[in-house]
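# Residue-level structural notes
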Amino acid sequence: MLKLLLTAISRSISHVPPAHFLLKIHEFSSLVENELEIYESLEFDAGGHKWKLVVYPNGNENKNVNDHISLYLEMVDTSSLGFGWEVYAIFRLFVLDQNKDEFLILQDAMGKERRFHGLKLEWGFDQFIPLEEFNDASNGYLVDDTCVFGAEVLVKERNKCKGECLSMTKLTSASIYKHVWKIENFSKLEAKRHESEVFIVRDQKWKIQLHPKGIKSGTGSHVSMSLALVDSSTITPGFKIYVHFTLRIRDQVRGKHKEAKKTGFLVNGGCMVEAEVAVLGISNPL
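A brief look at the structure comes next.

Analysis parameters
Residues numbered from 1 in each chain as written. Predicted model: local features only at pLDDT ≥ 70, side-chain atom pairs only at ≥ 80, totals over all residues. Heavy atoms only, no water. Helix = DSSP H or I, 4+ residues; strand = E, 2+ residues; numbered from the N terminus. Buried < 20%, exposed > 50% of the residue type's maximum accessible area, 1.4 Å probe, protein only. Contact = heavy atoms within 4.5 Å. Areas by Shrake-Rupley, 256 points an atom, 1.4 Å probe, with all protein chains shown as cover. Polar contact = N/O pair within 3.5 Å; in protein donor to acceptor, adjacent residues only side chain to side chain. Core = buried A, V, L, I, M, F, W, Y, C linked by side-chain atoms within 4.5 Å.

Counting its regular elements, the protein chain contains two helices and 19 strands. Put simply, the protein chain has 286 residues, and 40% of those count as buried. Sequence separation of 24 or more characterises 64% of the internal contacts of the protein chain that already satisfy a separation of 6 or more. Summing over all exposed atoms, the protein chain offers an accessible surface of approximately 17300 Å²; the carbon and sulfur share of this is 50%.

Next up on the list: the environment of Lys50. The topology assignment puts Lys50 in strand S5 (residues 49-56). On the basis of relative accessible area, Lys50 is assigned to the partly exposed category, the value being 29%. Linking Lys50 and Thr78, residues 28 residues apart in sequence, is a C-alpha distance of 8.1 Å. Ignoring anything within four residues of it in the chain, the contact list for Lys50 reads Glu43, Phe44, Asp45, Glu74, Met75, Val76 and Asp77. Here the side chain of Lys50 touches Asp45 through a polar contact of 3.0 Å, side chain to side chain.

Although it is not a glycine, Asp101 adopts a positive phi angle of roughly 55°. Inspection of the secondary structure assignment puts Asp101 in the loop between strand S7 (85-97) and strand S8 (102-108). You can call Asp101 exposed: its relative accessible area is 53%.

With that out of the way, let us pick up the nonpolar core. Counting residues in each nonpolar core, the largest one holds 35 residues, and the members touching the most others are Phe28, Trp51, Leu93, Phe116, Phe128, Phe134 and Phe149. Per-element accounting of this core gives the leading share, six residues, to S7. When neighbours within four sequence positions are excluded, Phe28 is seen to be in contact with Pro57, Ile69, Phe134, Leu142, Asp145, Cys147 and Phe149. Of all hydrophobic cores here, the second largest spans 17 residues; its members include Phe186, Trp206, Ala275 and Val277.

In structure tokens, the structure reads:
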């Protein structure tokens, strides 16, 4: 069963003009005649934030409205607020009855707050006032082709939640960086760990670490290799790098670079270690 939820709207009359912004439009009919579907006002300040009025003189077609004026409040200039910002506000939108010198005011009933955020910058009323009622000069809203709208905004609170931005890239042959490390006299290596020269992938410095006799005790029967980030001090807390990589010891004789004991890995006492590295994604805390 489909449940339809309707938001209650409160309508009231006041002789007091809006506290924050008035928009007066001369030759209102020319907006429709010139097929100007939307008009956006100048920015104004309220509650420490910037806003503007958005008017659809012939109704918001995106909401299937064609017999009402649509009027909205939009939050602007939010780039400085950072990721995850939220602003809760109660607002009232006005239209002036010029015959009686009083304002018709629409707002969400019961003082309902609206949450403005990065994905929802605009709130208002799809059916602010019927066009038939608005265009009738005897009602006072459009007199001598002139009308006045207004806005009042009460900001209740602002929250900022913790966030993360993950940027991924597709793995392609072009995104794979290949680094070859030639080790001379492999059988005579004495240190437990040896490191390759530094190489750069996606602005980060990397190196190959090799343990000739294993990474744990140093007396094992297998060679251990790992990929290491050179300077982690440059990484901010919460920063993550997702990497696809392959490490191999090259078969210099047959070209079959398998991870197994096979003649060809050591030639003239030396070996070739190869790394293929592709950075697939970078995650930044916000």
